[in-house]
Structures are given as C-alpha cells and as structure tokens.
Amino acid sequence: MFEPSTLEERRRYYRDEWNVNDLPDFIRKDLSKREFGFDHLGRGPNDRYRVFKTPDMLKRFMRYRSPFAAYCSVAFYNKPRKRGEWLKSELVFDVDAKDVPVRSCGCDSVCEICLDEARQIVAGLIDTLKQDLGLKNIHVIYSGRGYHIRILDETAMGLDSEGRSQVLKYVVGAEPPKNKYFMEDESGQKPYELEHFSIPLGYPAVFTKRIKYAILHLNGTEKMEEVNPKLMKDVLKYREMVQKDEWGLFKNKIGPIRYRNLVEGISKLNMGLVDAKVSIDLKRILRMPTSLHSKVSMRCMEVKNIETFDPLKKAVPKFVSERKGY
Amino acid sequence: MVLISYLNPFSSEGEDIVREKGSIEGIFEVNPELLQLVRDSKSQNISDDSYIPKNYADLALKRVEWYLRRKNDKKYNHNDYAFLINPKIAKFDVISIYTMAQAIGIKFNPKSREGRLLVESQGKLVEDRLEKLAPIERKEVVNNLLNQMITQDNIKWTSMSQLLGSKKINLTDMILDQGDVVLEKEDFLIRFEDKIEGRVPEKMYDLLIGEKIKEMIISRMIMQKTENYLQKVHEMAPKIEAHPTLLEIGEQISEKIKELSYFPGSGGSGGFGGDIKATQLQPDAFPPCIQKTIEGVGSGNRNDAIVLLLTSFLSYARLYPSVFRNEGTSKISDIDPDLQITINEIIPLIFEAADNCNPPLFDDDPQEKLNVIAKLGFGVNKDPELKHEGESKWYTPMSCDKIKIHLSSLCKPDATCKKIGNPLSYYNRKRWELRNSGDKTPSKSSESDSDKD
Ligand code: SF4
Ligand SMILES: [Zn+2]
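Small disclaimer: the values here were computed from a predicted structure and weren't measured.

(A) Spotlight on the overall build of chain A. Of regular secondary structure, chain A possesses 13 helices and 14 strands. Radius of gyration (C-alpha) of chain A: 22 Å, near the 20 Å computed for a compact globule of 326 residues. Taken along the three principal axes of its C-alpha coordinates, chain A extends 70 × 50 × 30 Å. Looking at chain A as a whole, 56% of its 326 residues qualify as buried. By sequence separation, contacts in chain A at least 24 residues apart represent 67% of the contacts at least 6 residues apart. When the accessible surface of chain A is totalled, it reaches about 14700 Å², and 49% of it is carbon and sulfur. Averaging the locations of the 59 positively and 47 negatively charged side chains of chain A gives two centres separated by 5 Å.

(B) Quick peek at the pairing of strand S8 (residues 146-151) of chain A. Residues and elements named next belong to chain A. Of all six residues making up S8, six are buried, and the element is well covered by its neighbours. Side chains Gly146, His148 and Arg150 of S8 all project onto a buried face; the interleaved residues Tyr147, Ile149 and Ile151 project onto the opposite face, where all are buried too. Examined bridge by bridge, strand S6 (residues 91-96) and S8 share six bridges and lie antiparallel to one another. Among the inter-strand pairings, Val92 is bridged to a residue of S8, identified as Arg150.

(C) Seen up close, the pattern of salt bridges. Using the criterion set out here, one finds 51 salt bridges over all chains in the structure. Residue Asp56(A) is joined to Arg60(A) by a salt bridge in which the shortest nitrogen-to-oxygen separation is 3.5 Å. With Asp56(A) and Arg60(A) both in helix H3 (residues 55-65) and four residues apart, this pair spans about one turn of that helix. For Arg60(A), a relative accessible area of 55% corresponds to the exposed category. With a closest N to O distance of 2.7 Å, Arg150(A) and Glu90(A) form a salt bridge. In this pair, Arg150(A) sits in strand S8 while Glu90(A) sits in the loop between strand S5 (84-89) and S6, placing the two residues 60 residues apart along the sequence. A residue is classified by how much of its surface remains accessible, and Arg150(A), at 0% relative accessible area, is buried. It is possible to trace a salt-bridge network through shared partners that takes in Lys156(B), Asp177(B), Asp180(B), Asp187(B) and Arg191(B).

(D) The arrangement of the site of ligand 1 in detail. All names here are of chain B. Around ligand 1 lies a shell formed by Pro287, Pro288, Cys289, Cys400, Ile403, Lys404, Cys411, Lys412, Cys417, Ile420 and Pro423. Among the secondary structure elements, those contributing two or more residues to the shell around ligand 1 are helix H13 (288-295) and helix H20 (400-406). Residues of the shell around ligand 1, tallied by class, amount to nine nonpolar, no polar and two charged.

(E) Structural detail: the side chain of Asn31(B). Residues and elements named next belong to chain B. Take Asn31: it is sitting in the loop between helix H2 (12-21) and helix H3 (32-40). With relative accessibility at 15%, the residue Asn31 sits in the buried group. Apart from residues no more than four positions distant in its own chain, Asn31 is found in contact with Lys54, Asn55, Tyr56 and Phe92.

(F) Summary view of the confidence of the model for chain B. All names here are of chain B. In this model, chain B carries an average pLDDT of 85, and 91% of its residues clear a pLDDT of 70 or more. Mean pLDDT per element in chain B: helix H22 (residues 443-447) is the minimum at 36, and strand S2 (residues 176-177) is the maximum at 96. A low-confidence stretch, residues 263-276 stays under pLDDT 50, and its non-local contacts, those more than four residues away or across chains, total 42 contacts. Segment residues 439-453: pLDDT under 50, and 13 contacts once partners within four positions in sequence are set aside and those in other chains are kept.

Parameters at a glance
Each chain has its residues counted from 1, running along the sequence as written. Chains and ligands are labelled by the order in which they are written, letters from A for the one and numbers from 1 for the other. Per-residue local features of the predicted model are confined to residues with pLDDT of at least 70, and side-chain atom pairs are confined, for both listing and counting, to 80 or more; whole-chain, interface and lining totals are unaffected and use all residues. Each side-chain value is worked out from all heavy atoms of the structure, with water and hydrogens disregarded. Only DSSP runs of H or I with at least four residues qualify as helices, and only runs of E with at least two residues qualify as strands; both kinds are numbered from the N terminus onward. When we talk radius of gyration, it's over C-alpha atoms, and the globule rule is simply 2.2 Å times the number of residues to the 0.38. To sort residues, take the accessible area from a 1.4 Å probe on protein chains only and compare it with the maximum for the residue type: under 20% means buried, over 50% means exposed, and anything in between is partly exposed. In this description, contact between two residues means that some pair of their heavy atoms is separated by no more than 4.5 Å. Here the open area of atoms and residues is found with the Shrake-Rupley method and a 1.4 Å probe, where only the protein chains shown may cover a residue. Only four residue types enter the tally: Lys and Arg on the positive side, Asp and Glu on the negative side; His and the chain ends are excluded. Working definition for charges: the position is that of NZ of Lys, CZ of Arg, CG of Asp or CD of Glu. Pairing between strands is defined by DSSP: at least two bridges between them are needed. Only one rule defines a salt bridge in this text: a Lys or Arg side-chain nitrogen within 4 Å of an Asp or Glu carboxyl oxygen. To be near a molecule or strand, a residue needs just one of its heavy atoms within 4 Å of it. The residue classification treats Ala, Val, Leu, Ile, Met, Phe, Trp, Tyr, Cys and Pro as nonpolar and Asp, Glu, Lys and Arg as charged. All others, Gly included, are polar. Known as pLDDT, the predictor's per-residue confidence is scaled from 0 to 100.

In structure tokens:
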C-alpha cells in the first residue's frame, strides 16, 4: 500500500483504467479555460501552461505521456496559455492527511486513521461552508493523500486573496471569538462575559465545534506555545466533559486563564487544518481528478458522498490490487 | 429627520446636491449661509475667527484639521469643530467632501496618505455623527442607510467582498446563516430562537448584533465608497485638465497634513510623521523570522521573504519603527529626505540577505531587485529616486499571522513573540526590554555615530 508506481504501471493505468469521460463535469466544462501542468519525472510539476481545447486532446496526451502527476488550475483564464486575462478562481481548501495538526494516530506520514480523520474534518468544513456561508456547487476530491474541497459557487469565485483568507479563518476556527460583549446604550458598564460555547450560532458555534474536535483528538504530543505539559495533561484528563458538552465544568476544572490559553493555542493549530497557501492562491494548480497520485499509487477522484467514502475501497487502481502481497 | 447625505455623501441624494450646487467657481467665496450655520451650531467655539470656515474650501480643510487634531492633539477641543456634528451642515458638507476627493484624487494616489486621510476621516465622521443623534433617530437613520446601500432583502456576505478584501470588516465579527449576514432582530429570532436555551433570545440578539454591527457595516461601506470615488477620480484625472482651484486645494490639504502631523504636546503619540526617530538598527532585537531571513532562505520562500518581509521590516525598523503606533502612512523622504540612509544602509542590507539565499535571489530573478525598490515606495525602478516616490506604496511589514501563512518556515516564535502581532512590534518591544534589562546598549549611544558595528 502507498508505494510509488513505476512507469510501466502508469502506462497500464492510463491505457486500461483511465477514461477521459470520468473527468468531473466541473472540469470538462470550460476545459479550455484552465491551465494544465504535469510532472513527468516525479520532481514536481515543471511542464506548465498547457492548454487542451477538447477532452480528446487531453486523452491523447495522457495516454501517450502517462505522466507521474497531472494538475489543472483552479483559475479560469481567457488566455490560459500565458495565464492571461484571469477570470475567476475556484475557492479551495486542501486538507492533506499528513499535515493535519491534530491526529490521534501519531504516525509520521499517512495511515488509514489519519486519512479517515481528514475525511471527518472535510465533512465538518463543508457543513460550515453550506450552513453559514451558504455556498453551493461544492465538490470534494480525494487527492490521493487527503482531500480538496473545490467550490465553484459564482459568488465566491471572484474573491481576492484577503477575502479568501477571511473565509478560511472562519471555517477552520482560526480565531477565538471575543468573550466580552456590551449591551446597547450601556457603554461604561461592565461587559457581559459570554464564552463561545454558550453561543449556539454563528461563528462562535463553528469555533466550538472545531475546538471540540481538536480536544477530542489531541494525542498529547502536540506543541502549542500557550499550552504547557501540565495544562495538556489536565486537558486530556478532563476531556470527556467536552465530549459530553459540559463546557462550563471543563472550563472550571482548567481555570479561566488556562482555558483562554488553551483556546488560543488550538485556534492556532486549527489554522493548520487546511493548507492556507492553497486557499489564498488564485493561480494554483491542483491534482487533476481521475489522474494517478504516483507517489502513493492512489487515484485522485471526485467523492460523491463524503460520509461514506472509503479511499481504500474506491481509490485503489487495479494494478495495485494485483501487486504481489496486497 | 437628518438628510441621508449627512452620513452618506455618495448616496443619490448627495449626488443631486452636487449636481445642483457643485460649481467649482464659488469655492473660495465667502458663503454667508455657511458662516451663519457654523455660528449657530450648538456649543460651537466662536471666540476666534479662525475656528470658522468661510467657504467650501475652508470647510474641506477644517475636516482635515479636525481629524488630525482629534487624533494627535492633546489639546483638541471638540467645541472648535462642533459645526461638523450639526446635521444642518449636510449640504455644505457634501460639496466639501466631493471637492476634497477631487482635489486629492487628481494630485495623489488613492493610497497616499492624503487619500487615506480622506477615507479614514470620513469613517470617523460617520461614527461621530451617529453617536450624537438621539437614539430613536439614530436607529431610523441607520435603517434608512442600510436599506439604501443594500438593495437585497438580506445582505450576502459575498456582496461585502470588497470590505473583506480591504480588511475593513472581519467575517468572524458577523453572524452568518445560509450566506446571509443576520442584522434584524425578527430575522435573528426566526432563524435561531430554537437553538437558544437558557437565555433570552432577544438579549442574545442585543449582545451579538444589536445596532453595533449595522453601524459598523455602514461606516465601513461609506469608507469604501469614498475610496472608490477617489479611485474613479484618480483614473479620470489624466484624461481631463484639472481645474487650478482643485490643484490648489490639493496642495493646501497636503500642507495641512504636514503642519498638523506632529504635536509637541501630544507625548510622542504624534500622527503622520510624528514621533519619528530614525535610529541605528539593533540587530540583537530582530525577531527570529527576520534573523532567519538574513541568514538566507531556501528557494521556496526566498522571494517573498526578501522582497516582502525583509525590505519592509528593515526600512521601517531603521526609519520609522513606530509606524503602527501612529496609525499613519508616511513616505521615506519624510524621514530620509535625501535618501542617503536608504541607499547607503538599508538597501545594502537587503541585497546582502538576498545574496545569502540559496540560490542567490538576484542571480535567479533580477526582476526582484526592482520589486524591492517598489516596496520602498519608489515604483518599479532600478534605484530609489525622489521623483518616483509615491508611484508605489511603502509597504509595512506583514503581520505574524500573514507570515505564518505565507512564510511559515521562518516563524520560530520565542517568548517575546507571544506578546506581539508583528515583527516590527517585536523589534520595538525587544529594544525596550534590552534597554531595561540593563543591557549595555543605552539608547543614546545607539543614536549617535559611535556605533561600532
Ligand atoms: S511570531 Fe511573528 S515575530 Fe515572532 S518569529 Fe513568528 S512571525 Fe516573527
Ligand atoms: Zn496516521
């Protein structure tokens, strides 16, 4: 499992298994407005700025070259060959299992456990993207080692980098919500203390979910400046209260100042749930769905139902199942 | 009921006023109606004639003066400017802000300090004006403004992308549901009542949203409108011949800013250009990310680390370390008039660090040399020259948050990092700590020429 594939295997894959008609519609449509890039030698994509006018031309290219990896842009251009006349870009969230900051497995690359945790995180993000942000036309791609959330909602595709980074912070819970609120016409009064967990809506509610997920999946080795070993120990000790949503009790056990530290620390970790660079980059190229992730010999593919998706059943190419000892 | 244009001069009502009255000719003429109105304003100070704007041009300058003094001058007295908070001034005010915007837009870049002053002052004025209205009227005005500015039933957060992009608004500060920004109480209750347990939903609304968010959105939107208008003027400017009157007003605004940017009595919290103390660099106070950059960066992060991070950091640390405390923008030549420090000290350091990269930055990418100059505010040119200053912006150092996103491998926070949000604040703080910890780097000597580095 998760071994690199040989050129011979790639050829077999693109000849026997791959079908250009499997490309998701959102890519086939306006194919000629995207930039394509390829990695032929396994050293990163350096064959860039390619354009395919029709799926058929892409098909010929893939069959003939059987690249190590294939990518296409999240951006749409009028002149994709020079990246000229940028039109819009998909809004993207990249959750790579090996980079997820809170992983209960503690493995050092990818395993079944962290792949599944990445899947759960993705499901949570999508929930917020729909519920709070009202976004539609959301696609999930299994990337071979994690997931891409690709959003083709017209209202979001024109956002600039700063706007995207604000969306990112919102959905991952990268900032503790304020906990002091003022009543109207009561300036000068003492503020009301309202912790995120006692506000069941809006960003505070999103934040509560993300914090809860993190606390329940900490394995104790995570490094957070705000959280010393003693605090980490206490968090693990009392975390079943969080499991039961007994936040008030949990905060009491931890103490208000240390609670604030914990929340600060986790919100910074949350920033790492998604590769931020990918989200704010308007001209990124992403692994092309249906292509082969040759480093791990998995298929990059669109996921129809994230709740039930199992990459080990769905994304394994034939040549791998036929490998000796699989 | 106050006029909508009293708060939003860019409303259609405001446009009508300009169309009707907006002849550039009378702008320097004494306007008796305005004089009377100013004198009649509640608690207006009239002991000195200089408090009273006599014509549209004067009024524009008064706005500049008001904003800078309010911000920088300890002796600021609101009664000197009470007329600005008099709703009756609306019509005059509208003309004056259009005049200002045109004067600035023709002469300066929208991102210049003149431009920013206009935008910021407009936002502040909206806030002050709202605050002075009676609660009921305030609510009514706010709702009217919102209805005018937001045509759909619900505002979609995506319709605020400009505000998000310019960081005037944080997405996390708003209550979102299904893509809508929830603002009205009824709407809030319909959407969330079922979810709220153990608390009074109405009170929850008052705490989380109330009028605050609405007012924030309004003032930010008006700021954005001001900026957009400025931009529009600026783009048109080369195509039409500027009226000499406007050029003159532009000049006067610029003078006013220079004159009022530093108040000796303000205890060092001066605004634009105030409290500037260019001092020798103190490398032992550099934060970890800067130290790593100077040592040299690998190819992945190299360009941004040198061009964006180091260039802005070193130039500000050397010339204007207190830029954030002063909230103002500045130009390098305000502090380094003949650019000698910039050319002889700052740029060499940046180029040296670029050479330490692997592979050396400029060997690979000579274009980036021009970008360094551009980030210092001298446009895309080979060398910094006064005549090019202002063609681009003098970039302030990016925040730690940004660094963590773009240049994560450089951020290796230490204890001081915890207390700050920007490498430049780190530098200021650390210098202060070093001074107070009895470190033998007294501030005096680091300012004199006895530096042995
Ligand atoms: S926290 Fe800020 S100042 Fe400290 S190393 Fe990171 S980016 Fe630099
Ligand atoms: Zn794992």
